[in-house]
Amino acid sequence: MRATIVVAALSIVPACTSAPTPAGSPTSVASPTTAASPTVSDVSIVTDSLKGRIVFSDETNDIWSMRADGSRVRQLTSAPAQEFDPTWSPDGKRIAYRHQSGDDETTEIYVMNADGSHQTNLTRNDVADWGPDWSPDGDAIAFNSAMETEGFGLYGFVVAPDGTGLRRISDHYIEYPSWSPDGSRIAFMAQEPDAAGSNPDYNIFVMNADGTDLTRLTDAPGEDGWPAWSPDGSQIVFSSGRDDCSISQAADCRSTGDIGPWEDAWIMNADGSRQHRLTDGFAQFFAWSPDGETILFAGGSEMYLIRPDGTGTTALKVTGAANPLFPDWIG
């Protein structure tokens, strides 16, 4: 199992392993040397008016938080371990995140208060656990884990915020689960049987929160991943490697020049229809504003804002953190 961090391109290559293949019939859907920054739009988003709080990580080093307008930036963790993948509790009082002291087998799901205090290990095992996402009702944290896989693949699990009630919710590969706003469904990325190389074949799937009714939403070559639901549940934004020159013959195909694929931002309806690209700049890891009018994404060494219609790309300056990644936004 591997989870390679490609700092130069700010791309994270998921774990490529032999794994159970997602069951269910596929759904028919429409089909430089360094990572370039998105082109900032002339019709920029006014950052001073943004509401809420954002939690993120500086690369994979520590967890930070700030106001959505970029003010009051605070470093919350400072352990020697890598700490990233943060997710807010619905009430904004706690944060779940990934704590990794060594290789994949050392990754655990931690929870802390919003000010960084009372850091607690929820999983306490010797296998890979990461990709936490807090349920909308606050009662559970979904994550992917190598528990019960005999070292091959990743399944979906949920656990209560106090560490009780651990249970598996899938019999198929799941990575980076994402709850729908009403808590009834979970979207996630999953590798296909032929996933290999620097741009492995991953697609986005959705299932009921209990693991039933599995449906494939994307079917493009290369890596589709890190889905994030719009607050009204009607759309999903995600990153895609389908424009990388390793698989694309288009004149405007891109390459990071590193081992990870070129990732750009795509959006689709929640049923997988109307897939289209939001920006051709490098984009990976997303969070929606609570009002659904703005999407925050990591691209290059900065975070950017963009409207769901692809307009208004605006840099969101972050003081103190050199490479902000993995944002989550709460009201």
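Predicted model only: the values in this text are computed from it and were never measured.

> Explain the overall build of the chain to me, please; I cannot follow it from the model alone.
Across its full length, the chain carries 0 helices and 26 strands. Relative to its 331 residues, the chain shows a buried fraction of 60%. In the form shown here, the chain has an accessible surface area of approximately 12700 Å², with 46% of it arising from carbon and sulfur atoms.

> I'm lost on the sheet that holds strand β7 (residues 94-100) in this one. Help?
Working definition: the strands of a sheet are paired by backbone hydrogen bonds and lie parallel or antiparallel to each other. Pairing within the open sheet is antiparallel, and its 4 strands lie in the order β6-β7-β8-β9. Every interior strand has two partners, whereas the edge strands, β6 (82-88) and β9 (120-121), have only one. Bridge analysis of β6 against β7 gives 5 bridges, and the strand direction is antiparallel. Looking at the pairing, Gln82 lines up with Gln100 of β7.

> Looking at this structure, how should I read the side chain of Ser289?
Structurally, the position occupied by Ser289 is in the loop between β22 (284-288) and β23 (295-299). Taking the relative accessible area as the measure of exposure, Ser289 reaches 3% and is therefore buried.

> What is the right way to read the sheet that holds strand β10 (residues 129-134) from this model?
Read across the sheet, 4 strands follow the order β10-β11-β12-β13 without closing on themselves; strand pairing throughout is antiparallel. Edge positions in the open sheet fall to β10 and β13 (167-168), since each of these has one partner strand only. Across 4 bridges, β10 lies against strand β11 (residues 141-145) in antiparallel orientation. Within β11, the position partnered with Trp130 by the bridge is Asn144.

> What should I look at first to understand the pairing of strand β15 (residues 185-191) in this one?
Strand residues, when the strand is regular, have side chains that alternate between the two faces of the sheet. Among the 7 residues in β15, 6 count as buried, and that is most of the element. Sheet topology note: the strand β14 (residues 175-179)/β15 ladder contains 3 bridges and is antiparallel. Across the sheet, residue Glu175 finds its bridge partner in β15, namely Met189. Connecting β14 to the antiparallel partner β15 that follows it, the hairpin turn spans 5 residues, and Gly183 within it adopts a positive phi of roughly 80°. Bridge count between β15 and strand β16 (residues 202-208): 7 bridges; the pairing is antiparallel. In the strand pairing of β16, Ile186 is matched with Met207.

> In this structure, what is going on with unusual backbone geometry? I would like to understand it.
If a residue is not glycine, its phi is most likely negative; likewise, a peptide bond is most likely trans. Its identity is not glycine, yet Arg124 carries a phi of approximately 50°, on the positive side. Take Arg124: it is sitting in the loop between β9 and β10. Given the relative accessible area of 64%, Arg124 is considered exposed. One non-glycine residue, Phe326, lies in positive phi territory at about 50°.

> Quick question: what am I supposed to make of the pairing of strand β24 (residues 302-306) here?
When you tally the buried positions in β24, you get 4 out of 5 residues, the bulk of the element. As judged from the 5 bridges shared by β23 and β24, these two strands associate in the antiparallel manner. Its bridge partner being in β24, Phe297 is matched across the sheet by Tyr304. Between the end of β23 and the start of β24, which pair antiparallel, lie 2 residues, with Gly300 showing a positive phi angle near 65°. By the bridge criterion, 3 bridges tie β24 to strand β25 (residues 314-316) in an arrangement that is antiparallel.

> Explanation requested: the environment of Thr123 in the structure shown.
Its location among the elements puts Thr123 in the loop between β9 and β10. Apart from the residues within four sequence positions on either side, Thr123 is in contact with Glu108, Ile109, Asp129 and Phe143. Engagement of the side chain of Thr123 in a polar contact is seen with the side chain of Glu108, the distance being 2.4 Å. Within polar-contact distance, the side chain of Thr123 engages the backbone nitrogen of Ile109 at 3.0 Å.

> Got a minute to help me understand the pattern of salt bridges in this structure?
In a structure, side chains of opposite charge can pair up when their charged atoms sit close to one another. Per the counting criterion, the structure on display carries 10 salt bridges. What you see here is one network of salt bridges that share partners, running through Asp243, Asp252, Asp264 and Arg277.

> How should I be thinking about the packing of aromatic side chains in this particular structure?
Two aromatic rings, taken as a pair, are described by how far apart their centres are and by the angle between their planes. Enumeration over the complete set of coordinates arrives at 13 aromatic pairs. A centroid spacing of 4.1 Å and a plane angle of 25° characterise the contact between Phe285 and Phe326, whose relative ring orientation is stacked. Here the residue Phe285 occupies a position in strand β22, and Phe326 occupies one in strand β26 (residues 324-330), the gap between them amounting to 41 residues. Of the two residues, Phe285 and Phe326, neither departs from the other in class, the shared state being buried. An aromatic cluster of three or more residues is present, and its members are Phe84, Tyr176, Trp226, Phe285 and Phe326. Note that Arg53 overlies the ring of Trp88, its terminal NZ or CZ placed 4.7 Å from the centroid. Taking NZ or CZ as reference, Arg242 lies 4.2 Å from the ring centre of Trp266, over its face.

Rules and cut-offs
Residues numbered from 1 in each chain as written. Predicted model: local features only at pLDDT ≥ 70, side-chain atom pairs only at ≥ 80, totals over all residues. Heavy atoms only, no water. Helix = DSSP H or I, 4+ residues; strand = E, 2+ residues; numbered from the N terminus. Buried < 20%, exposed > 50% of the residue type's maximum accessible area, 1.4 Å probe, protein only. Areas by Shrake-Rupley, 256 points an atom, 1.4 Å probe, with all protein chains shown as cover. Pairing = 2+ DSSP bridges. Contact = heavy atoms within 4.5 Å. Polar contact = N/O pair within 3.5 Å; in protein donor to acceptor, adjacent residues only side chain to side chain. Salt bridge = Lys/Arg side-chain N within 4 Å of Asp/Glu carboxyl O. Phe/Tyr/Trp six-rings, centres within 6.5 Å; stacked < 30°, edge-to-face > 60°. Lys NZ or Arg CZ within 6 Å of the ring centre and 35° of its normal.

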